[in-house]
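# Structural description and commentary
So the chains spell out like this:
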Amino acid sequence: MSDLTTVTKKLLLYFPKCETEKPIVYHLVKDYDLLVNIFRAKVTPEEDGYLVLDVTGNAADIERAIAWVTTFNVRVDEANKGVSRTEDSCTSCGNCLTHCPTDALAVHDRRTMQVVFDSGLCIECLSCIPVCPFGALRATF
């Protein structure tokens, strides 16, 4: 892996239940020379599942790996985030702030005390969702 062409992509992998027992992450590391950082996973043989991860490596290797993963009926989503926020439902109560380990949910202006969501900082840990009393935050997978 060359340092000059190294990139990181956040991926959401959606697994049908028939594909959950394959060693996909192992092959991403071994066969495609990728570094994998798993943020959240729910992959069981009994139901459909998902995997939220960053992959770091050569851009061509990442594209080859994504093409390989899709051969198992695994849907790869590079665009969507695993958490979304409905602005109209958020009252800026701040209940979510202490549950966000990356400050993706934060108050930048103490005068307004408005909670803002930076999806670029979000690692989809989902800790904010159960503590939001207004349902403004939800998982998208």
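This text follows the structure it describes.
In short, a report on the structure.

### What about the overall build of the protein chain?
Along the backbone of the protein chain there are two helices and eight strands. Counting from the amino terminus, the protein chain carries its helices and strands in the arrangement β-α-β-β-α-β-β-β-β-β. Contacts in the protein chain between residues at least 24 apart in sequence constitute 66% of all its contacts with a sequence separation of at least 6. Within the structure as shown, the protein chain displays about 8100 Å² of accessible surface, and the carbon and sulfur contribution to it stands at 51%. Distance between charge centroids for the protein chain: 3 Å, based on 14 positive and 19 negative side chains.

### Let's talk about the environment of V55
Its location among the elements puts V55 in strand β3 (residues 47-58). A sequence separation of 34 residues divides V55 from S89, and the C-alpha atoms of the two residues are 33 Å apart. If near-sequence neighbours (up to four positions away) are discounted, V55 is found in contact with V7, T8, K9, L11, L34, L35, V36 and I62.

### Describing the environment of C132
The residue C132 is located in the loop between β7 (115-117) and β8 (137-139) in this model. Taking the C-alpha atoms as reference points, C132 and C96, 36 residues apart in sequence, are found 6.2 Å from one another.

### Here's the deal with the nonpolar core
In this structure, Y50, V83, C96, L105, V115, C128 and L137 are the most contacted members of the largest nonpolar core, which totals 17 residues. Those elements that provide at least two residues to this core are β1 (6-15), β3 and β6 (105-107). Once residues lying within four places of it in the same chain are set aside, the contact partners of L137 are V83, S84, R85, C96, L105, C128, I129 and C132. In terms of nonpolar packing, the next biggest core, distinct from the first, is built from 16 residues, L13, L28, L51 and I62 among them.

### Considering the pairing of β3
Taken across its twelve residues, β3 has nine buried, putting it largely inside the fold. For β1 and β3, the ladder comprises ten bridges, and the chain directions are antiparallel. Note that in β3 the partner of K10 across the bridge is D54. Counted along the chain from strand β2 (residues 35-44) to the antiparallel partner β3, the turn is two residues long.

### Side note on the pattern of salt bridges
Overall, the coordinates contain six salt bridges when judged by the stated rule. For E63, the salt bridge is made with K9, and the minimal N-O distance between the two is 2.5 Å. Of the two residues, E63 sits in helix α2 (residues 59-70) while K9 sits in strand β1, which places them 54 residues apart along the sequence. Residue classification places K9 among the partly exposed residues on the basis of a relative accessible area of 24%. With a closest N to O distance of 3.2 Å, D109 and R111 form a salt bridge. On the accessibility criterion, D109 (26% relative accessible area) is partly exposed. Judged by its relative accessible area of 76%, R111 falls in the exposed class. Connected through shared salt-bridge partners, K9, E63 and E78 make up one network.

The rules we used
- Residues numbered from 1 in each chain as written.
- Predicted model: local features only at pLDDT ≥ 70, side-chain atom pairs only at ≥ 80, totals over all residues.
- Heavy atoms only, no water.
- Helix = DSSP H or I, 4+ residues; strand = E, 2+ residues; numbered from the N terminus.
- Contact = heavy atoms within 4.5 Å.
- Areas by Shrake-Rupley, 256 points an atom, 1.4 Å probe, with all protein chains shown as cover.
- Lys, Arg positive; Asp, Glu negative; His and termini not counted.
- Charge placed at Lys NZ, Arg CZ, Asp CG, Glu CD.
- Core = buried A, V, L, I, M, F, W, Y, C linked by side-chain atoms within 4.5 Å.
- Buried < 20%, exposed > 50% of the residue type's maximum accessible area, 1.4 Å probe, protein only.
- Pairing = 2+ DSSP bridges.
- Salt bridge = Lys/Arg side-chain N within 4 Å of Asp/Glu carboxyl O.

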